[in-house]
Amino acid sequence: MLQIAGPAALALASLQADDVHFLRSLSKAELHAHLNGSIPINTILELAQQYSPSIAHTTVEDKAVAKTIERLKSGVSLNEVSDFFYLFPAIYALTSAPQALQTATCAVLQSFLNDDGTNGPQCTYLELRTTPRETPHMTREDYLETVLIEMERYPATQAALIVSVDRRMSDMDIEECVNLAIKFKNSGRRVVGIDLCGDPLKGDMQIFTKHILRAKEAGLGLTVHIAETTKNTPEESQLLLSWRPDRLGHATFISEELKDEFFADTPQQTMLPECDTGITKPQARASDANGWYKPCIEICLSSNLLCKSVLSLDAHHIHDYLKNDHPVVICTDDVLPFRTSCLGEYALLLAQRPLGLGLDRKDIERLAKMGMDAAFLRPRT
Ligand code: IMP
Ligand code: ZN
């Protein structure tokens, strides 16, 4: 059984058995989960046993890996989003060979999609994302092939892959990742989208534009981590939004003006210029019945609380979107450091304040459906 801790565990523990049964019975889409941030701790420990820096050819020393594993076991304490990125070099040291990556992918898919005999599966449908990583043991293509082989053991109605590009990547790296995503998609493999991720304070977003537009033209869905910190400027958000992503990760500090544009029931022309994609319009996935742009917001409550980007559930930006009936999907982000689960995140919706948002069952049913509707797998209209 998946062990959770922190805000999600407290919310879940506060619920009656009948409420938990209700949450379990909902069809849930997990659309924002990072592979290397979602490895079950037991698998990390197993991989650590096999870990040898000389085999891994990494600059991450034994001691750094051991220290990170201890932090992950006892629960990480973070002061801001950027603290969180220090965890990944050690995790990457453990998953740098194809065999280890295969073990990790298999464990992540099982933890989301298999019935563990006590709880049922965490979610009905998973769009798992990962950044293709070149290591001394594999090319980026090998990396994606390894992940896809594991993913394709599940039916297409259950699991699909989003290829992440990292904000720190060079023009050539982005080009390679996008080319691979398009190539796999065009050969009928289970790639459904592109994600922009990585340290929100790094990178030059301009260089991504041409690659992202190419990915869209190839029919891939697009999601971008956006406005994760107060230092991400409205100009940067506008640039990312000009790509017309189908979904937005976090969107914690999107300016009020931009939010107003999402909620407006008039055409969005002022703050939201669109890049000329040359694609026949409309790109209907992120549009409402009138054709207005309504990107689905990927909400990760525990992640935001633990990274301290949101100070309390009462202050969470989800309230703005709920009030305005704007599409959202409830997701986990990285269950390894945040020690949560899909059920735990839904418990945060249902639990009474201050442990949860205190939403009623009807609202939560509506949210779960919105999540399923925001999947990239849906045939494009
Ligand atoms: P991977 O892409 O499977 O290697 O998953 C880990 C990577 O996901 C990290 O190195 C980050 O780049 C990215 N990531 C995980 N969580 C976040 C987040 O909240 N914001 C931005 N990037 C993230
Ligand atoms: Zn994320």
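Our subject is the structure listed above.
Presented here is an overview of the structure given in this document. Remember, predicted model here, so these are calculated numbers, not experimental data.

Rules used in this analysis
Residues numbered from 1 in each chain as written. Chains lettered and ligands numbered in written order. Predicted model: local features only at pLDDT ≥ 70, side-chain atom pairs only at ≥ 80, totals over all residues. Heavy atoms only, no water. 1 Å grid on protein atoms, 1.4 Å probe; cavity = no way out; pocket = protein on both sides within 12 Å on 5 of 7 lines; lining within 4 Å. Points joined across faces, edges and corners; volume = space filled by probe spheres on them. Helix = DSSP H or I, 4+ residues; strand = E, 2+ residues; numbered from the N terminus. Nonpolar A, V, L, I, M, F, W, Y, C, P; charged D, E, K, R; others polar. Near = heavy atom within 4 Å. Polar contact = N/O pair within 3.5 Å; in protein donor to acceptor, adjacent residues only side chain to side chain. Areas by Shrake-Rupley, 256 points an atom, 1.4 Å probe, with all protein chains shown as cover. Sits in = over half its atoms within 2 Å of the grid points. Buried < 20%, exposed > 50% of the residue type's maximum accessible area, 1.4 Å probe, protein only. Pairing = 2+ DSSP bridges. Right-handed = clockwise from strand over helix to strand, strands pointing away.

Rolled over the atoms, a probe with the dimensions of a water molecule shows which regions are left empty. Estimated volume of the second largest pocket: approximately 810 Å³. Of all elements in the fold, only α6 (81-84), α7 (88-94), β2 (125-130), α9 (140-151), β3 (159-166) and α14 (301-306) reach the threshold of two or more residues within the lining of the second largest pocket. The element contributing the most residues to the lining of the second largest pocket is α7, with 4 residues. Looking at the lining of the second largest pocket residue by residue, the class counts come to 17 nonpolar, 17 polar and 10 charged.

Neighbouring residues of ligand 1: 18 residues in total, closest Asn36, Tyr92, Thr130, Thr131 and Asp334. Within the backbone of Leu35, one N or O atom sits 3.4 Å away from an oxygen atom of ligand 1. Contact distances for ligand 1 include 3.3 Å between an oxygen atom and a side-chain N or O atom of His250. Compared with its free state, where it exposes 490 Å², ligand 1 has 98% of that area covered by protein. Its atoms largely coinciding with the cavity grid, ligand 1 occupies the second largest pocket. Where the shell around ligand 1 is concerned, the elements lending two or more residues are α7 and β2.

A few words on the pairing of β2. Taking burial as the measure, the 6 residues of β2 include 6 buried ones, the bulk of the element. Of the two faces of β2, both are covered, the one formed by Tyr125, Glu127 and Arg129 as well as the one formed by Leu126, Leu128 and Thr130. Two elements, strand β1 (residues 29-34) and β2, share 4 bridges in a ladder whose sense is parallel. Bridge pairing in β2 links Glu30 to Leu126. Bridge count for β2 against β3 is 5 bridges, and the pairing is parallel. Its bridge partner being in β3, Glu127 is matched across the sheet by Ala160. As a crossover connection, the stretch from β2 through α9 into β3 is right-handed.

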